Amino acid sequence: MEAVALPVPGVVEVPQTGPVVSAQALTRRYGEGETAVDALGGVSLDVTRGRLTAVMGPSGSGKSTLMHILAGLDKPTSGEVTIAGTSIGELNDTNLTKLRREHIGFIFQFFNLLPMLTARENVVLPLSIAGEKPDQAWVAELMKRIGLESRSTHRPSELSGGQQQRVAIGRALISRPTIVFADEPTGNLDSKTSGEILELLRSSVDTYKQTTVMVTHDPRAAAIADRVLFLADGLIVRDLGRSDAHEVISVMEELAQ
Amino acid sequence: MIGVALKGLLGRKLRTLLTALAIVLGVSMISGTYVLTDTITKSYTSIVDDSFVNSDAVISGKVAYKNNNSDTAGAPAFPAAVLAKVKQLPDVAAAAGTIADQAKLIGRDGKVISTADGSPIAVSVDRRNDLRFTPLKLSSGQWPVGSRQIAIDKRTADTKHYAVGDTIGLAADEGVRRFRITGVATFGSSSSVGASTIAVFDLPTAQHLFNKVGKFDGIQVAAKNGVTPEKLVSEIRPLLPPTAKVKTAEAQTKESVDDVKSAIGIFQKVLLGFGILALFVGAFVIANTLSITIAQRVREFATLRTIGSSRRQVLRSVMLEALVVGLVASLLGLFLGLGIAKGLNALFSAVGVQFPKGDTVFAARTIIVSIVVGVGVTLVASLRPAIKATRVPPIAAVREGATLPVSRLSRFGPIVSILTLAVGILLLVYGIFGSGLTIATRLVALGFGTLILFVGVSLNAKRAVRPLASVLGWPGAHFGGTAGTLARENAMRNPSRTAATASALMIGLALITFVAILGAGLRSSFGDAVNKLFVADYAVTAENGFDPFTSHTDAAVAKAAGVTAVSGIRGGDARVFGKNTQVTAVPPNLAKTVRIDWSKGSVSVPSQLGRDGAFVDKDYAKDHHLLIGSPIAVETPTAKVLHLRLKGIFDPPKGGSPFGTVTMSTATFDANYPKPRNFMTLINIRGGVTDANTARLDASLGAFPDAKIQTASQFKKNQENDINLTLNVLYGLLGLSVIISLFGVVNTLVLSVFERTREIGMLRAVGMTRRDVRRMIRHESIVTALIGGALGIAVGVFLAVLTTQALSDEGIVLAIPWRTIAVFVIGTILAGMLAAVLPARRASRLNVLEALQYE
């Protein structure tokens, strides 16, 4: 339906090895003068292909800011972000839009589904926006994976919170993006439902090799990740491999002191 | 994406409906205007079409010039001898002469049978001659024969319960004459010609009645087979005297239809003007409603952006919604227009304007214009909110309470607002005071000036909201407790929203105030003029106050005991200095009944007019460089030229005078105008105004039911009533714009309530009662409405001051009708309360628990 007019050099070629997303010396300052706040104080990282990376940290640590900048939603004060080989700092709105269509999926804390669309319509929305025909087999498989094949014609208001977040995950995966960003995906759910959502995220990484970055302050969420980055005061202070919830909690407590 | 936009509309039914209503109403006014005027045109056209049935050529009297805005016009009759000559032409199959004049029918109550704004038609039908030419068809009885018989139209017979054999009166020049009804006729296929009455006589009777013995008003001619109407016309033309002309029936019909069309065209333009105004207000309402809706959908747009929508897609989806809303609303408006046409008809008949009835015409043009205009206005009004929606950044999807970013250009906002206001005012001043402008330029400057002024005021209104709300909301905040205080704060918390909502209301109120002030000015200067000029005790006018009436009344009144002076003022068309105008004629005793300030000449001017004297007013003398003794050539409709000399120049009061551009003596007038009629007779009587004198004068006019005796103050009041009727029509037409703006208030409040769900839940949770919630919303509505009212009244007063300044030469003074304005303020408060009903109910019914969990 909509073709973004300008060609984006480099966006199309996705390197098959190495990091999908990388950041160099990111800083982010809000405000000016004496009231200025440094949310990020110089962060560099590479997101590994096919893995689930969790970004942990207490409120105000800068973890949300980091994710917003990595996803191209916010601009860094200094530093550079490369997504799938493209440096996004220079992209204009049109090219950023195209980049999002092809390479990025989002999962939000408050689901952000369109209330007037059915579950299935919400899932395929990114494709209809991009003007692409959904692959029916893939849609069917996704609907089955998120466990909503029997509720595909329900609207969000007829679904529970967990079910709505499943729809949101389906929507993030539908275009097989290079990377999925999940912003506190369990932040608005009870613990049992949270567990189910985390399982779904984990399985999507395992099954589809879906590179995923998840921002969370829930140690149980961090525990399903392949790698856990800890942020405090705008800096990465710890970079762990797979850790269980206890390890995560103890690192958090350690950092809190 | 298309699906998303359309499903979104369905998902927000109430909001969509509220947005659409403004356009529905505006479009209905446009479509209603077309339906009404098309229907009227069609009815008149079919009447005209019927008029020349079976004729190929039509001979009629020739006017020296045509004066469109005159009641006394009418081609003079021509010598009947023409008919014999025409009949001798070898190509003529048949020809018949007719009389067509006007005469009022008198009902059983002795009063004139009202024709509203139709005419009291009087025609001849000669049954001994050729009946094929008459458009009238007998529905019962016989055609009248002889001086005591009449046939009348079926509508009058039906509504006034007359039947063949009854007797009915007719207001003839010499007084009421009675006729026996021998027949009841229909006109063509319809039972009537609008609200006109039709009186039918045989030819000699009609000629005698209308002082046209040996004359005809028209001759209809049928050609023999194979002769074209054009050929017939060219054969007839050499036979005609200079006072007659001939046309093919088709050309004559077209001419009459064109006359009708141009008259209705003006009426149509005026009504369309009100429709455009309504749409203009509708555009404000839509733009505002959409801005609010879009502000509430920030997260939705941001989410769409994060999952890959481009700005253009967002723009397109909002515009698509607008397109659908505009289309549906225009369609609804189109059909509602059928109802509006009926409403307008009712409005006009309530003030005495009766249109002919006919089949409703629903033309393709009505459909096309309504939809194009409705959709166009919706799209234009939606453009700004839609562009705002494209500015929603994707990051708003993850931020709590995200708001619309301000535009890069917003810092120019204040400058643009003030410039817009200035441009509007400048255009208005230019349109009003600019010299040497054509009427069209002036109207365009005034129209655009006013619209731009409205936009300018609304752009600046944002800054006036806080101070206005704190003053206007004071009573509520003071006496209304917490609900009142919160209401005032709510009205102030989003000044642009309140300003936009109030601005729509401002437009309607500004125009209503403007009309009210101008009306008051007219009334007051007219009243002053009457007080100043009118030294007579009584005045006689036609029943309806403005028709000319027979001059025989003068003699009848003069016979009443105690009458010391009777001054009949005659009027007629004339062409003076190359312009069509109205002239008047006065008797020598005028000084006894009218007090005139003479700037040149003395009180004795009227008595010295003689055969060739004339007087004019000061401005006319100045414009045409006239001095005492200057010659003035007055051409009558029958092409006679009267050579008059100026004998006096008077200084009329601001409110005008009863005199035409040139005034001559009654003697001169009567000698040169075929049918002299009065439009006013002034009377002095011994003892002045008393009940006995009134009764006596009334009795003296017994034979003239069309003439009405009035005291000076009754005369003033009757004329003022006409102004009031006009005002009421204008109020009615402007009312639609006000209603649309009230829907704007409803929209804003419903949307605000929706937005503040959680807050209202919290207020309820901490102990606010449902009643308090309702009161809070109601107060906010009243404050918003009052802001609109205050702005509107201020703008209206400003416009009126400008206009009266410009028109001060025309005699309109600035008179502010405080009582009327107080009524407007009270009306505004009531309107605010009315607009709050639905939103207040929704707010008070919120479930506290759900409202608190609402996200």
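Thresholds, definitions, all that
Residues numbered from 1 in each chain as written. Chains lettered and ligands numbered in written order. Predicted model: local features only at pLDDT ≥ 70, side-chain atom pairs only at ≥ 80, totals over all residues. Helix = DSSP H or I, 4+ residues; strand = E, 2+ residues; numbered from the N terminus. Rg over C-alpha atoms; globule rule 2.2 N^0.38 Å. Buried ≥ 20, exposed ≤ 12 C-beta atoms within 10 Å, placed from the backbone. Pairing = 2+ DSSP bridges. Axes fitted to C-alpha atoms, helices over the stretch in contact; angles between N-to-C directions. Contact = placed C-beta atoms within 7 Å. Domains from an automatic or database assignment. Nonpolar A, V, L, I, M, F, W, Y, C, P; charged D, E, K, R; others polar. Parallel < 35°, antiparallel > 145°, perpendicular 65-115°, else oblique. Left-handed = near helix turned anticlockwise from the far one by under 90°. Core = buried A, V, L, I, M, F, W, Y, C linked by C-beta atoms within 7 Å.

Glancing now at the overall build of chain A. When you go through chain A residue by residue, the secondary structure sums to 8 helices and 10 strands. Computed over the C-alpha atoms, the radius of gyration of chain A is 18 Å, within 12% of the 18 Å expected from 2.2 N^0.38 for a compact globule of 257 residues. Reported as C-alpha extents along the three principal axes, the dimensions of chain A are approximately 50 × 45 × 35 Å. The buried share of chain A, reckoned over its 257 residues, is 49%.

In this section: the sheet that holds strand E9 (residues 227–232) of chain A. Residues and elements named next belong to chain A. Read from one edge of the open sheet, 6 strands run E6-E7-E8-E3-E9-E10, paired in mixed fashion. Here the strands that pair on one side only, and so sit at the sheet edges, are strand E6 (104–107) and strand E10 (235–240). Averaged over all pairs of adjacent strands, the angle between their axes in this sheet comes to 20°, without regard to strand direction. As paired elements, strand E3 (residues 52–56) and strand E8 (residues 212–216) share 5 bridges and run parallel to each other. Paired with leucine 52 across the two strands is threonine 212, which belongs to E8. Here helix H1 (residues 63–70) sits on the sheet and contacts E3, strand E7 (179–183), E8 and E9; the angle it forms with E8, its principal contact strand, is near 155°.

With that settled, consider the domain arrangement of chain B. Residue and element names in this part refer to chain B. Assigned domains of chain B: these are domain 1 (52–260), domain 2 (427–533 + 713–855) and domain 3 (548–705). With 8 residues of domain 2 at the contact, the number on the domain 3 side is 7 residues. Here the side of domain 2 that touches domain 3 is built from residues that sort into 4 nonpolar, 2 polar and 2 charged.

All names here are of chain B. Look at helix H11 (residues 413–433) against helix H12 (residues 439–472): their axes get within 7 Å of each other, and the N-to-C directions meet at 155°. Taken together, the axes of H11 and H12 are roughly antiparallel relative to one another. You can see that H11 and H12 cross each other, and the crossing is left-handed. For the contact of H11 with H12, a count of residues per class yields 16 nonpolar, 8 polar and 1 charged.

Nonpolar side chains in soluble globular proteins tend to be buried together. The biggest cluster of nonpolar side chains holds 319 residues, and the ones touching the most others in it are A:Phe181, A:Leu201, B:Ile152, B:Ala199, B:Val200 and B:Val221. For this core, the element with the highest residue contribution is helix H15 (residues 495–533) of chain B, accounting for 22 residues. Excluding residues that lie within four positions of it along the chain, A:Phe181 makes contacts with A:Met67, A:Leu70, A:Ala71, A:Ile104, A:Phe106 and A:Val213.

Taken together, the 26 residues of chain A in the interface contact 23 residues of chain B. Among the elements of the structure, helix H2 (93–103) and helix H3 (119–130) of chain A are those that each provide at least two residues to the side of chain A that touches chain B. Residues of the side of chain A that touches chain B, tallied by class, amount to 14 nonpolar, 5 polar and 7 charged.

What follows covers the pairing of strand E15 (residues 538–542) of chain B. Residue and element names in this part refer to chain B. The element E15 is largely enclosed, with a buried count of 5 among its 5 residues. Pairing geometry for E15 and strand E24 (residues 677–685), over 3 bridges, is antiparallel. When the bridges of E24 are listed, alanine 539 appears paired with leucine 682. With 5 bridges connecting them, E15 and strand E25 (residues 707–711) associate as antiparallel partners. Counterpart to alanine 539 in the pairing with E25 is glutamine 710.

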